[in-house]
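Residues per chain, in single letters:
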Amino acid sequence: MLIGVYTGDYIKSTPAEVIAQLPCDDKAKAALAKKLKGAKFETDRDNLINIGGLSEDDAGDYAYMYAEAVVWQTLCRVAEMSGADKECIIRSINLGVSVDSSTKIAVT
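Residues numbered from 1 in each chain as written. Predicted model: local features only at pLDDT ≥ 70, side-chain atom pairs only at ≥ 80, totals over all residues. Heavy atoms only, no water.

### Quick look at the overall build of the chain
Link 1 in the chain: Each helix and strand counted, the chain has six helices and zero strands in total.
Link 2 in the chain: When its helices and strands are written in sequence order, the chain yields α-α-α-α-α-α.
Link 3 in the chain: On the principal axes, the C-alpha backbone points of the chain span a range of 45 × 40 × 15 Å.
Link 4 in the chain: Counting the 108 residues in the chain, one finds 31% classified as buried.
Link 5 in the chain: With the model as given, the accessible surface of the chain reaches about 7,200 Å², and the carbon-plus-sulfur share is 51%.
Link 6 in the chain: Of the charged side chains in the chain, 12 are positive and 16 negative, and the gap between their average positions amounts to 7 Å. (Helix = DSSP H or I, 4+ residues; strand = E, 2+ residues; numbered from the N terminus. Buried < 20%, exposed > 50% of the residue type's maximum accessible area, 1.4 Å probe, protein only. Areas by Shrake-Rupley, 256 points an atom, 1.4 Å probe, with all protein chains shown as cover. Lys, Arg positive; Asp, Glu negative; His and termini not counted. Charge placed at Lys NZ, Arg CZ, Asp CG, Glu CD.)

Here it is as structure tokens:
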């Protein structure tokens, strides 16, 4: 969650709202609500393809959006439990977190 907030990889929406926007029937949405976690992109994308019947591109977009909604939901829960303002938490995270990224190369 800290990295997601620091890098701005979140949307101010709940995972349930993302599921409600899916272009599939209510039965598939109910099944996806149980299957999607927002933790592993590939698994969520595959579930959206297999259960929701989405194309690979659409499934990837919705899996990414779902993961961002999970970051926001986690931030909201932390704010609620601590009694702090969400914007204050975001400012504190931006001041106190350092994120380093690198390119991973594998030779096969």
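Next comes the rest of the account.
### What to know about the environment of Ser-13
Link 1 in the chain: Assignment of secondary structure puts Ser-13 in the loop between helix H1 (2-7) and helix H2 (15-20).
Link 2 in the chain: In the structure, Ser-13 is positioned 92 residues away from Ile-105 in sequence and 34 Å away in space, judged by C-alpha atoms.
Link 3 in the chain: Among all residues touching Ser-13, those that are not within four sequence positions of it are Val-18, Ala-69 and Trp-72.
Link 4 in the chain: Engagement of the side chain of Ser-13 in a polar contact is seen with the side chain of Glu-17, the distance being 2.8 Å. (Contact = heavy atoms within 4.5 Å. Polar contact = N/O pair within 3.5 Å; in protein donor to acceptor, adjacent residues only side chain to side chain.)

### Concerning the packing of helix H4 (residues 41-50) against helix H5 (residues 56-82)
Link 1 in the chain: Packing of H4 against H5 leaves a shortest axis separation of 8 Å and a crossing angle of 130°. Classified by the angle their axes make, H4 and H5 are oblique. Relative to H5, H4 is oriented so that their crossing is right-handed. Between H4 and H5, the residues in contact are Phe-41, Asp-44, Arg-45, Leu-48 and Ile-49 and Glu-56, Ala-59, Gly-60, Tyr-62, Ala-63, Tyr-64 and Tyr-66, respectively.
Link 2 in the chain: Split by residue class, the contact of H4 with H5 holds eight nonpolar, one polar and three charged. (Axes fitted to C-alpha atoms, helices over the stretch in contact; angles between N-to-C directions. Parallel < 35°, antiparallel > 145°, perpendicular 65-115°, else oblique. Left-handed = near helix turned anticlockwise from the far one by under 90°. Nonpolar A, V, L, I, M, F, W, Y, C, P; charged D, E, K, R; others polar.)

### Quick look at the pattern of salt bridges
Link 1 in the chain: Under the defined criterion, the tally for this structure stands at two salt bridges.
Link 2 in the chain: For Glu-87, the salt bridge identified is with Lys-12, shortest N-O distance 3.6 Å. Of this pair, Glu-87 sits in helix H6 (residues 86-96) while Lys-12 sits in the loop between H1 and H2; the two residues are 75 residues apart in sequence, bridging distant segments of the chain.
Link 3 in the chain: On the accessibility criterion, Glu-87 (35% relative accessible area) is partly exposed.
Link 4 in the chain: Overall, the relative accessible area of 56% leaves Lys-12 in the exposed class.
Link 5 in the chain: With a closest N to O distance of 3.5 Å, Asp-46 and Arg-45 form a salt bridge.
Link 6 in the chain: Exposure remark for Asp-46: the relative accessible area of 35% places this residue in the partly exposed category. (Salt bridge = Lys/Arg side-chain N within 4 Å of Asp/Glu carboxyl O.)

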